[in-house]
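Structural features, examined
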Protein chains: 2
Amino acid sequence: MSITNGWFSEVEAMWPGQKFSLQVEKVLFHEKSDFQDVLVFQSATYGKVLVLDGVIQVTERDEFAYQEMLTHIPCFAHPHPKRVLIVGGGDGGILREVARHACVENIDMCEIDPMVCDVSKKFEFSTATAFGDPRLRLVHEDAAEFVKREGNGQYDVIIVDSSDPVGPAETLFKPEFFLSMKNALSPGGIVATQGECLWLHLKLIRGVLESCASTFTSLEYAFTTMPTYPSGQIGFVVGSTAERDLSTPAREPDAAMAQDLRYYSPAVHRSAFVLPAFAEREVSAVRKRFS
Amino acid sequence: MSITNGWFSEVEAMWPGQKFSLQVEKVLFHEKSDFQDVLVFQSATYGKVLVLDGVIQVTERDEFAYQEMLTHIPCFAHPHPKRVLIVGGGDGGILREVARHACVENIDMCEIDPMVCDVSKKFEFSTATAFGDPRLRLVHEDAAEFVKREGNGQYDVIIVDSSDPVGPAETLFKPEFFLSMKNALSPGGIVATQGECLWLHLKLIRGVLESCASTFTSLEYAFTTMPTYPSGQIGFVVGSTAERDLSTPAREPDAAMAQDLRYYSPAVHRSAFVLPAFAEREVSAVRKRFS
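Criteria and thresholds
- The numbering scheme is per chain: residues are counted from 1 as the chain's sequence reads.
- To label them, take the chains in the order written and letter them from A, then take the ligands in the order written and number them from 1.
- Local features in a predicted model are, by the rule used here, given only for residues with pLDDT of at least 70; side-chain atom pairs are given and counted only at 80 or more, and totals for whole chains, interfaces and linings are based on all residues.
- Side-chain figures throughout are based on the complete set of non-hydrogen atoms in the structure, without hydrogens or water.
- For our purposes a nonpolar core is just a set of buried Ala, Val, Leu, Ile, Met, Phe, Trp, Tyr and Cys residues, chained together by side-chain atoms within 4.5 Å.
- Whether a residue is buried, partly exposed or exposed follows from its accessible area with a 1.4 Å probe, protein chains only, as a fraction of its type maximum: under 20%, in between, or over 50%, in that order.
- The secondary structure listing takes helices from DSSP runs of H or I that are at least 4 residues long and strands from runs of E that are at least 2 residues long, numbered from the N terminus.
- A contact between two residues is defined here by any heavy atoms of the two lying within 4.5 Å.
- Superposition of the copies used a least-squares fit over C-alpha atoms from residues whose pLDDT is at least 70 in both.
- Buried area is understood as the total, over both parts, of accessible area removed when two parts are fitted together, assessed with a 1.4 Å probe.
- Salt bridges are defined as contacts in which a side-chain nitrogen from Lys or Arg sits within 4 Å of a carboxyl oxygen from Asp or Glu.
- Pairs of N or O atoms within 3.5 Å make up the polar contacts considered here, provided that, within protein, one atom can donate a hydrogen while the other can accept it, and that residues adjacent in sequence are counted only when both atoms are side-chain atoms.
- Residues were grouped as follows: Ala, Val, Leu, Ile, Met, Phe, Trp, Tyr, Cys and Pro as nonpolar; Asp, Glu, Lys and Arg as charged; and all remaining residues, including Gly, as polar.
- UniProt positions are given in the numbering used here, feature names are shortened, and annotations may be inferred rather than shown by experiment.
- Within 6.5 Å between ring centres, the rings of Phe, Tyr and Trp (the latter by its six-membered ring) count as paired, and their orientation is classed by plane angle as stacked under 30 degrees, edge-to-face over 60, tilted in between.
- A positively charged side chain is recorded as over a ring if its NZ (Lys) or CZ (Arg) lies within 6 Å of the ring centre. The angle to the ring normal must also be within 35 degrees.

Our focus in this paragraph is the nonpolar core. Counting 94 residues, the largest nonpolar core has Ile73(A), Phe236(A), Val87(B), Ile158(B) and Phe177(B) as the members making the most contacts within it. Counting residues per element, this core draws most heavily on helix α1 (residues 63-77) of chain A, which supplies nine residues. With near-sequence residues (within four places) excluded, Phe236(A) lies in contact with Tyr66(A), Met69(A), Leu70(A), Ile73(A), Thr193(A), Gly195(A), Glu220(A), Tyr221(A), Ala222(A), Phe223(A) and Thr224(A). In terms of nonpolar packing, the next biggest core, distinct from the first, is built from 93 residues, Val87(A), Met181(A), Leu202(A) and Ala192(B) among them.

Written out as structure tokens, the structure is:
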């Protein structure tokens, strides 16, 4: 376990030469599941923290930035999402945000590792508040298999909340998986996937965009700030089977929902697609934008 | 010195419980100046790094984000800046960016600590390329004194590239200093100052904005991503003595300059003023916006 002198430090395989650390108050859980190393600790200043294979997935202090942006960008870019599929997302954060959309009638969630859901519920993470939602069907299996088998044009929105492409989430970055997701989308459906960090993985991002450029009619990249993810930001690949202006919300949160949101707003939605010049040069060459 | 087992870690006084570390290849310089602890090292993956009082100021890999945004937001929000004052900025990065503006005729720079300029030049930092610019007048003294004495309505743009408000830069966050800067601005002049991080110091930011709300006619807050600054972002307080839409560029970079810029673009300028919902709620109450 990478805890030394009361500090947890991230492994650095995907970001050599840099390291982010959080002060640990108490280790609450540490076991190997069938898929990965699962660590939960109480931090000194970031609330409870969930770590998978040495990489921070959730801190209660900043998780809302990631959960809100990865969820509400595709959900508000769609004019009337009824059926939503969540891939991964075992901590429940994406589920919590999807559940805010009253128009959504069914939420399928495919998380390969039941231990992630179990610890999130057991330790009452801020993310784990909607597992009791009656619209939810939760299954534990490999999402690549699930989407291939069950995906049949029924989902208006698919959200992929995966870990990095090293470990159990590797297949979720492959072109075959994007093709399966396309087949699982309803006409004009939208997919949004965890898309790594512009500052660290621009080549990987460009590779993913190139590999699914022929799969989707609209294809964009957006990002959010996220202090406890490597280099402080994370991005999203957003695609649709129709000509859609993904960077402009088709709907807006009502007053009650807007008040509950801590990161997302219609203005933040639009600006998430405005990339720094160095990234814009790479992404604009492969993006498929309609506005 | 906070280097252990080949890794430099930041001090955490202003961000308890979290720590960012860079792998060190070689320490190039470490001395105490009359004002602060000055450390220069070659990092494994971020180029050369300048550290003042234990806090990272410059890494060659990402410095352009900070330098470009803090410079070009006020310089492009102004229709024709001729005289520019840089406060601090001893590494030369802001100077390098100001020098790109052909319309600028005079650049005054007041950096209290000559050692910062000296090491930046000696170790050939990527930031230190414009110290030979004939438009530059460089003085080493306390900027609070300098601006109070010499400021007489002559500057179109003032840029404050300071360290944090703990240490030699403390006075640069005080209302008296903002008042001195106002007196040093030409009619409709613009000031932009290093304004800490929304994720860490929202109260401090709101306090600074409140304390200079009566000083400026227009007052805004913008931010940029910046991986090696605490929590991965840093913001700017931007003010003007006139009713100005600071979030919209009054000019745009020409094609040659646009090609050289790695972070700033007119679209990035506009989106830098779009704040996450949690920050927007705080800032919108004190901001003075004209659009």
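That shown, we press on.
One copy of the chain maps onto the other through a rotation about an axis plus a displacement along that axis. The two copies are related by a screw operation: chain A maps onto chain B through 180° of rotation and 0.0 Å of translation along the axis, at an RMSD of 0.0 Å. Here the two chains are linked by the operation of a two-fold rotation axis. Most of the interface of chain A is mirrored in chain B: 100% of its interface residues are interface residues there too.

This brings us to the interface of chain A and chain B. On the chain B side, the residues contacting the 40 residues of chain A number 40 residues. For the pair chain A and chain B, the two sides together bury roughly 3000 Å², of which 59% comes from carbon and sulfur. Counting the contacts that link chain A with chain B gives zero salt bridges. The interface formed by chain A and chain B contains 22 residue pairs in polar contact (both at pLDDT 80 or more). The element that contributes the greatest number of residues to the side of chain A that touches chain B is strand β3 (residues 18-32) of chain A, accounting for six residues. Partitioned by chemical class, the residues of the side of chain A that touches chain B number 23 nonpolar, 11 polar and six charged.

The next subject is the UniProt feature "active site" (unreviewed entry) in chain A. All names here are of chain A. UniProt annotation of "active site" (unreviewed entry) refers to Asp161 when read in the numbering used here. Within the secondary structure layout, Asp161 lies in strand β10 (residues 155-161). Judged by its relative accessible area of 9%, Asp161 is buried. For Asp161, the contacting residues outside a window of four places in its chain are Tyr66, Gln67, Leu70, Val87, Gly88, Gly89, Asp91 and Ile94. In this structure the side chain of Asp161 is engaged in a polar contact, spanning 2.5 Å, whose partner is the side chain of Tyr66.

Tallied over the full model, the rule gives 20 aromatic pairs over all chains. When the centroid spacing of 5.4 Å and the interplanar angle of 40° are considered together, the rings of Phe8(A) and Phe41(A) count as tilted. Highlighted residues: Phe8(A) in strand β2 (residues 7-9) and Phe41(A) in strand β4 (residues 37-43), separated in sequence by 33 residues. Each member of the pair, Phe8(A) as well as Phe41(A), carries the same accessibility label: buried. The structure contains a cluster of three or more aromatic residues connected by ring pairs, namely Phe64(A), Tyr263(A), Trp199(B) and Phe278(B). One residue, Lys19(B), lies across the ring of Trp7(A), its end atom 4.2 Å from the ring centre. Its guanidinium or amino end placed over the ring of Tyr46(B), Arg61(B) lies 4.1 Å from that ring's centre, counting from NZ or CZ.

A few words on the side chain of His101(B). Secondary-structure assignment places His101(B) in the loop between α2 (93-98) and β8 (106-110). Filtering out sequence-adjacent residues up to four positions away, His101(B) remains in contact with His72(B), Cys75(B), Phe76(B), Arg135(B), Arg251(B) and Met257(B).

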